[in-house]
Amino acid sequence: MEGSEEGLPAVAFGSHLDTVPEGGNFDGVVGVVAGLAAIKQLQERDKVRHPLELIIFAAEESSRFGFSVMGSKVMTGSSDKRAWRKAKDKDGILLSEALKAQGFDLEAIDSAVRTKDEFKAFVELHIEQGPVLEKDGLTIGIVEAIAAPIRIKITVEGLASHSGTTPMNQRQDALVSAAMIVLAVRDVAKEYSERSIVGTVGVLRVNPGAMNVIPGLVEMWVDLRGTDYETIIEAMQEIKDSISDIAEEQETPVSIDVMASDRPVLMSDDIKNIIEEVCKEKSMMYRRMPSGAGHDAMNMAKITPTGMIFIPCREGISHNGAEYAAAEDIVAGVDVLSEVIYKLAK
């Protein structure tokens, strides 16, 4: 949507369309639909000075290739082509091959980079993906900071052998070691939970995967995140120490590959204040809060002042088919988003 003055940077907003396997219908999509609705509202008002731009990202989730927020990383010049050249999905398809099948070239992604002077601001609306807003009876969450994940791939090497003939005291069972590592990740995350750390083993692949064969190899993917980088690193080191102890005790070598390591991102003070001002003007109950989930906004903040608006989701459920946001909450989010955009663009 063009502004009234030529040459001014755009006020941008939007979210992502991709989802996780068996995911819901609101994560990401709400922000895209809200952006379209906000444009419709703003078309009925006095023309703003700055152009408006709705951005719809892809590959925000890490489901297929293990890398998250890929679209916004490309747009902000933050992509890691060296790592992405090696990336494969569970079927062994390279990221570069998947892109080529869609008419894209991994080696040409730098042509999609946007510059700082193209934007005045970026705002993303999203479901909270947690229970806080609903529990407290609030309509809007004003995101202060976005937690950053460290994502690691752990490979445990044992010795595949017959499950019926190998004595229990002579086994090198990779899955037993992996199970101990899962518990270690859980224990360290709980130890640091008061410092806003969470840890999850979300993928476990067992090889050869036969009932009568002792597992000889296990691959596992760990997501560790928080809003303070130093605390994340401290917790990560404790996990590594625990893994080292388990590997030595079980005589199963373990390798650790860091797939992604991002820093927590603060949202723009000016935009947070504008969102708060709008909530007060509209008599909407709100609170300032962190985001435990990562979002495209964390990359956009590298090139332009960025803000994020949360709306409640039922029982805090997300990345699940039961994910749900009430229509009245979505409408309230659209009203706040459109007014924030108007104030930024006028």
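Our subject is the structure listed above.
It should be emphasised that the depicted structure is a prediction, and the values quoted were computed from it without experimental measurement.

Observations concerning the side chain of Glu-124
Here Glu-124 shows up in strand E3 (residues 119-127). Among buried charged residues, Glu-124 stands out as having no salt bridge; its nearest opposite-charge side chain is Arg-225, 12 Å away. Of the polar contacts made by the side chain of Glu-124, one reaches the backbone nitrogen of Ala-297; its length is 3.1 Å. When sequence neighbours within four positions are dropped, the list of residues in contact with Glu-124 reads Gly-14, Ser-15, His-295, Asp-296, Ala-297, Gly-307, Met-308 and Ile-309.

What to know about the packing of helix H6 (residues 174-191) against helix H7 (residues 229-250)
One can describe the packing of H6 onto H7 by two numbers: an axis separation of 9 Å at closest approach and a directional angle of 155 degrees. Judged by the inter-axis angle, H6 sits roughly antiparallel to H7. In this structure, H6 meets H7 at a crossing whose hand is right-handed. For the pair formed by H6 and H7, the contact residues are Val-176, Ser-177, Met-180, Ile-181, Ala-184, Val-185, Val-188 and Glu-191 on the first element and Ala-235, Glu-238, Ile-239, Ser-242, Ile-243, Ile-246, Glu-249 and Gln-250 on the second. Tallied by class, residues from the contact of H6 with H7 come to ten nonpolar, three polar and three charged.

Things to note about the sheet that holds strand E7 (residues 217-226)
Taken in spatial order, the four strands make up an open sheet running E6-E7-E5-E8, and their pairing is antiparallel. Each edge of the sheet is formed by a strand with only one pairing partner; in this case those strands are strand E6 (198-207) and strand E8 (254-261). With strand direction ignored, the average angle separating the axes of adjacent strands in the sheet is 15 degrees. Bridge analysis of strand E5 (residues 148-157) against E8 gives seven bridges, and the strand direction is antiparallel. Along E8, the bridge assignment pairs Lys-153 with Asp-257.

Digging into unusual backbone geometry
That bond from Asn-207 to Pro-208 is cis: its omega, 10 degrees, falls within 30 degrees of zero. Residue position: Pro-208 is located in the loop between E6 and E7. For Ala-59, which is not a glycine, the phi torsion comes out positive at approximately 55 degrees. Here Ala-59 falls in the partly exposed class, since its relative accessible area comes to 28%. Phi angles above zero are rare outside glycine, and Glu-251 is one such case at about 55 degrees. Mapped onto the secondary structure, Glu-251 falls in the loop between H7 and E8.

So, the packing of aromatic side chains
To describe a pair of aromatic rings, you give the distance between the ring centres and the angle between the ring planes. Throughout the structure, instances matching the rule amount to three aromatic pairs. Seen from their ring centres, Phe-57 and Phe-122 are 6.3 Å apart, and the 70 degrees between their planes marks the pair as edge-to-face. Taken as a pair, Phe-57 in strand E2 (residues 52-57) and Phe-122 in strand E3 lie far apart in primary sequence, 65 residues in all. In terms of burial, Phe-57 and Phe-122 fall into one category: buried. Over the face of the ring belonging to Tyr-342 we find Arg-45, whose NZ or CZ atom lies 3.8 Å from the ring centre. Over the ring of Tyr-229 we find Arg-263, and its NZ or CZ is 3.8 Å from the ring centre.

Calculation criteria
Residues numbered from 1 in each chain as written. Predicted model: local features only at pLDDT ≥ 70, side-chain atom pairs only at ≥ 80, totals over all residues. Heavy atoms only, no water. Helix = DSSP H or I, 4+ residues; strand = E, 2+ residues; numbered from the N terminus. Buried < 20%, exposed > 50% of the residue type's maximum accessible area, 1.4 Å probe, protein only. Lys, Arg positive; Asp, Glu negative; His and termini not counted. Salt bridge = Lys/Arg side-chain N within 4 Å of Asp/Glu carboxyl O. Polar contact = N/O pair within 3.5 Å; in protein donor to acceptor, adjacent residues only side chain to side chain. Contact = heavy atoms within 4.5 Å. Axes fitted to C-alpha atoms, helices over the stretch in contact; angles between N-to-C directions. Parallel < 35°, antiparallel > 145°, perpendicular 65-115°, else oblique. Left-handed = near helix turned anticlockwise from the far one by under 90°. Nonpolar A, V, L, I, M, F, W, Y, C, P; charged D, E, K, R; others polar. Pairing = 2+ DSSP bridges. Phe/Tyr/Trp six-rings, centres within 6.5 Å; stacked < 30°, edge-to-face > 60°. Lys NZ or Arg CZ within 6 Å of the ring centre and 35° of its normal.

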